[in-house]
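The chain contents come next:
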Amino acid sequence: MSVTSGPPPAEGFRLSQLIYDTRYRSTTIQVVALFAFMLGVGWLISNAAQNLAALGKTFSFSFLWTTAGYDVNQRLLEYTSQSTHGRAAVLGILNTLVLALVGCITATILGVLAGVARLSKNWIVAKLMTVYVEAFRNVPTLLWIIIVTAVVNESLPAPREFRDVETGAFVLTNRGAYFPEPLFSRGLGDLDLGLFKISLDLIAVLAVLFAGLYASKRIGRAADAKQAATGERPNVLWYRLSAVFLPLIALLVALGFHLGYPALQGFNFQGGTFVRDSFLGLWIALSLYTGAFIAENVRAGIQAVSKGQTEAAFALGLRPSRTMNLVILPQAMRVIVPPLISQYLNLTKNTSLAIAVGYMDATGTLGGITLNQTGREMETLLLLMAFYLVISLSISFVMNLYNERIKLRER
């Protein structure tokens, strides 16, 4: 008589497996942690609602449509004291975005130049850059903002000193800077979106410019394909420049583009585009401060590239400047970009210090005067936090895309 042995009977599921079985333990811990987090968030919301009810307040964003009653000294859109708090918040957000954008651009330029100069064989240049980097990195941002703004305000002349002086297209005063304003005699008008209006002329110019850039890129790709197929590189420089500039010039002529220049009238200049002295001070201070950190990132990235790369480039007859631009920096960017993202985020968040010198950014409008006038501290701070969160995540997303593009790809 033969006996056949089959597979052992399957064991049933036991609750103890959620803790002692390695197949389920990690999932159990994550579920418990998520449940505890949701309980904590629920408790915070409930506690906030009870405290608001005890104070006789309701959670509402209706204050955004009430009259603001205060002025915004730097305006990119039409605004009066009778405009709404929502419009004031939009102006503050735009002021923050402009300051962050120009600050990131100039900080990058300064950081790259200072980082390369720190590695210069010229002793004076290298030491001067070291002093710049160490001085700005080890002094708080707010102090530099106040010092630079004070220097800008005290060193520039007052508008009255230009009364008997021939002024040019650009005028620098202790109240701010004036430069030509783009105007259109045959403009397309504005698109009204409620809180603000968008110039149709600007939309048309940007559309034609992007279309020209796209056409120029296609011409360049066609030249690359022909070079890969035949070994000969066609000269397409003038075609690419024509694709970008000829349609743009034709559009500007059709719209009647001209410049409006500032002119001294009374006690101040009128006309042109005005930028306050507080903006200039913030721009310079944040650029210099963040540029010092970027310089260290650039220096570290360059030193991370093997010296053999430099020696090979010199052996091929490349000059030091060409070696830096074509060999070292492209490889160093893989080391530079990740910490560069953090510096862009820091500069953007440091713009919240603008209220210290009277520049009305998002913190000064939504998180400052609007909060004090309406008493809606919960709503205004949540909106302010959401704005900084969105802009920070957007910067990280764009820079991570760029980082992915330049990443070294192995075959």
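Everything that follows concerns the structure shown earlier in this document.
Not measured: the values here are computed from a predicted model. (Residues numbered from 1 in each chain as written. Predicted model: local features only at pLDDT ≥ 70, side-chain atom pairs only at ≥ 80, totals over all residues. Heavy atoms only, no water.)

S.K.: Kindly report on the overall build of the chain, identifying the contributing residues and their values.
M.R.: For the chain, the count of helices and strands is twelve helices and nine strands. Over its C-alpha trace the chain gives a radius of gyration of 29 Å, far above what one expects of a compact globule, namely 22 Å for 411 residues. For the chain, the spread of C-alpha atoms along the principal axes amounts to about 120 × 75 × 50 Å. Evaluated residue by residue, the chain yields a buried proportion of 34% over its 411 residues. (Helix = DSSP H or I, 4+ residues; strand = E, 2+ residues; numbered from the N terminus. Rg over C-alpha atoms; globule rule 2.2 N^0.38 Å. Buried < 20%, exposed > 50% of the residue type's maximum accessible area, 1.4 Å probe, protein only.)

S.K.: I'd like to hear about the nonpolar core, residue by residue, with values.
M.R.: I302, Y344 and M399 are the most contacted members of the largest nonpolar core, which totals 41 residues. Those elements that place two or more of their residues in this core are α3 (85-118), α5 (141-155), α8 (277-304), α10 (320-350), α11 (362-374) and α12 (377-406). Residue contributions to this core peak at eleven residues, all from α10. Those residues within four positions of M399 in sequence are excluded, and the remaining contacts are V337, L340, I341 and Y344. (Core = buried A, V, L, I, M, F, W, Y, C linked by side-chain atoms within 4.5 Å. Contact = heavy atoms within 4.5 Å.)

S.K.: Please provide a residue-by-residue account of the pattern of salt bridges, values included.
M.R.: When the charged atoms of two side chains with opposite charge come close together, those side chains can pair. All chains considered together, the criterion is met by five salt bridges. One salt bridge in this structure joins R299 and E296, with 3.0 Å as the shortest N-O distance. Taken as a pair, R299 and E296 lie in helix α8 at a separation of three residues, close to a single helical turn. With relative accessibility at 13%, the residue E296 sits in the buried group. One salt-bridge network, held together by shared partners, links R118, R137, E296 and R299. (Salt bridge = Lys/Arg side-chain N within 4 Å of Asp/Glu carboxyl O.)

S.K.: So what's going on with the side chain of N350? Residues and values would help.
M.R.: Assignment of secondary structure puts N350 in helix α10. A relative accessible area of 19% places N350 in the buried class. Residues in contact with N350, not counting those within four places in the same chain, are T141, L286 and Y289.

S.K.: Quick rundown of the side chain of S287? Include the residues and the values.
M.R.: Considering the arrangement of structural elements, one finds S287 in helix α8. Side-chain polar atoms of S287 contact the backbone oxygen of W283, separated by 2.6 Å. What S287 contacts, discounting residues up to four positions off in sequence, is G103, T106, A107, L110, Y132 and L282. (Polar contact = N/O pair within 3.5 Å; in protein donor to acceptor, adjacent residues only side chain to side chain.)

S.K.: How would you summarise a nonpolar patch on the surface if you had to cite specific residues and measurements?
M.R.: A contiguous nonpolar patch, built from F59, F61, W65, M378, L381, L382 and M385 and spanning about 710 Å² of accessible area, is present on the exposed surface. Inspection of the secondary structure puts M378 in helix α12. (Patch = residues over 30% accessible without salt bridge, like charges linked within 9 Å, V, L, I, M, F, W, Y side chains within 5 Å. Areas by Shrake-Rupley, 256 points an atom, 1.4 Å probe, with all protein chains shown as cover.)

S.K.: Requested: an account of the sheet that holds strand β1 (residues 171-173), with residues and values cited.
M.R.: Ordered in space as β1-β2-β9, the three strands form an open sheet in which the pairing is antiparallel. The open sheet has two free edges, formed respectively by β1 and β9 (273-276), since each of these has just one partner strand. Looking at each pair of strands side by side, their axes are set apart by 15° on average, direction ignored. With three bridges connecting them, β1 and strand β2 (residues 176-179) associate as antiparallel partners. The residue bridging L172 from the neighbouring strand is A177, located in β2. Packed onto the sheet, α8 meets β2 and β9 and runs at close to 60° relative to β9. (Pairing = 2+ DSSP bridges. Axes fitted to C-alpha atoms, helices over the stretch in contact; angles between N-to-C directions.)

S.K.: So what's going on with a positive patch on the surface? Residues and values would help.
M.R.: A cluster of basic residues, K217, R218, R221 and R405, forms a positive patch at the surface. Among the elements that make up the positive patch, the one with the highest residue count is helix α6 (residues 200-230) (three residues). One can find R218 in helix α6. With a relative accessible area of 46%, R218 lands in the partly exposed category. (Lys, Arg positive; Asp, Glu negative; His and termini not counted. Charge placed at Lys NZ, Arg CZ, Asp CG, Glu CD.)

S.K.: How would you summarise the packing of α11 against α12 if you had to cite specific residues and measurements?
M.R.: Relative orientation of the contacting elements α11 and α12 amounts to 175°, with a least axis distance of 9 Å. Here α11 lies roughly antiparallel to α12, going by the angle between them. Note on element contacts: α12 touches α11 through E377, T380, L381, L383, L384, F387 and Y388, opposite A362, T363, L366, G367, T370 and L371. Here the contact of α11 with α12 is built from residues that sort into eight nonpolar, four polar and one charged. (Parallel < 35°, antiparallel > 145°, perpendicular 65-115°, else oblique. Nonpolar A, V, L, I, M, F, W, Y, C, P; charged D, E, K, R; others polar.)

S.K.: Residues and numbers for the packing of α3 against α8, please.
M.R.: Orientation of α3 relative to α8, taken along the N-to-C sense of each, is 40°, at an axis distance of 6 Å. In terms of their interaxial angle, α3 and α8 are classed as oblique. Here α3 and α8 pass one another in a crossing that is right-handed. Here the contact of α3 with α8 is composed, by residue class, of 17 nonpolar, eight polar and three charged. (Left-handed = near helix turned anticlockwise from the far one by under 90°.)

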